[in-house]
Amino acid sequence: QVQLVESGGGLVQAGGSLSLSCTTSGSIFHIVAMGWYRQVSGQQRELVASINSGGGTTYADAVKDRFFISRDNAKNTVYLQMSTLKPEDTAVYYCNVIGYQSSSTFSRTDYWGRGTQVTVSS
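In this text the structure is predicted, and so the values were computed from the model without any measurement.

Observations concerning the sheet that holds strand S1 (residues 3-7)
No. 1: Pairing within the open sheet is antiparallel, and its four strands lie in the order S1-S3-S8-S7. Lying at the two open borders of the sheet, with one neighbouring strand each, are S1 and strand S7 (67-72). Pairwise comparison of adjacent strand axes, ignoring direction, gives a mean angle of 15 degrees for this sheet.
No. 2: Taken together, the six bridges between strand S3 (residues 18-25) and strand S8 (residues 77-82) define a ladder with antiparallel strand orientation. Along S8, the bridge assignment pairs Cys 22 with Val 78.

What follows is the structure, given as structure tokens:
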């Protein structure tokens, strides 16, 4: 069973930094992309950043130049370095992995972590 576990969340003052990590365990035949989403209570989950198998990255406009996503393929881990944090960054951050379950599976599968809380105080 594939499991994604996030860590690194916490409370930080505005302008501070936090680093999140997400480790993927279990069997995934091929990982297409890894990323981070966030969700505020009562709102839709939104993409924060993603990184594909080729190393290409995508960032939400709200976090560009402040957040940095990276991955360690050998450890099946994705990281999110967050700096110059703002109160509006407060949310539950979820790790997301898109991959193929097996060589016989032609549809991609989304895997999700349970989330880690990031709270930025003013």
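A short note on the pairing of strand S5 (residues 46-52)
No. 1: Taken together, the six bridges between strand S4 (residues 30-39) and S5 define a ladder with antiparallel strand orientation. Across the sheet, Arg 38 pairs through a bridge with Glu 46, a residue of S5.
No. 2: Between S4 and S5, which follow one another and run antiparallel, lie six residues, and Gly 42 among them has a positive phi close to 85 degrees.
No. 3: Examined bridge by bridge, S5 and strand S6 (residues 57-59) share three bridges and lie antiparallel to one another. Bridging from a neighbouring strand, Ala 49 pairs with Tyr 59 of S6.
No. 4: A loop of four residues connects S5 with S6, the two strands running antiparallel in sequence, and Gly 55 in this loop sits at a positive phi of about 90 degrees.

Rules of the game
- Residues numbered from 1 in each chain as written.
- Predicted model: local features only at pLDDT ≥ 70, side-chain atom pairs only at ≥ 80, totals over all residues.
- Heavy atoms only, no water.
- Pairing = 2+ DSSP bridges.
- Helix = DSSP H or I, 4+ residues; strand = E, 2+ residues; numbered from the N terminus.
- Axes fitted to C-alpha atoms, helices over the stretch in contact; angles between N-to-C directions.

Honestly, that's just the spatial picture; any functional story needs more than this.
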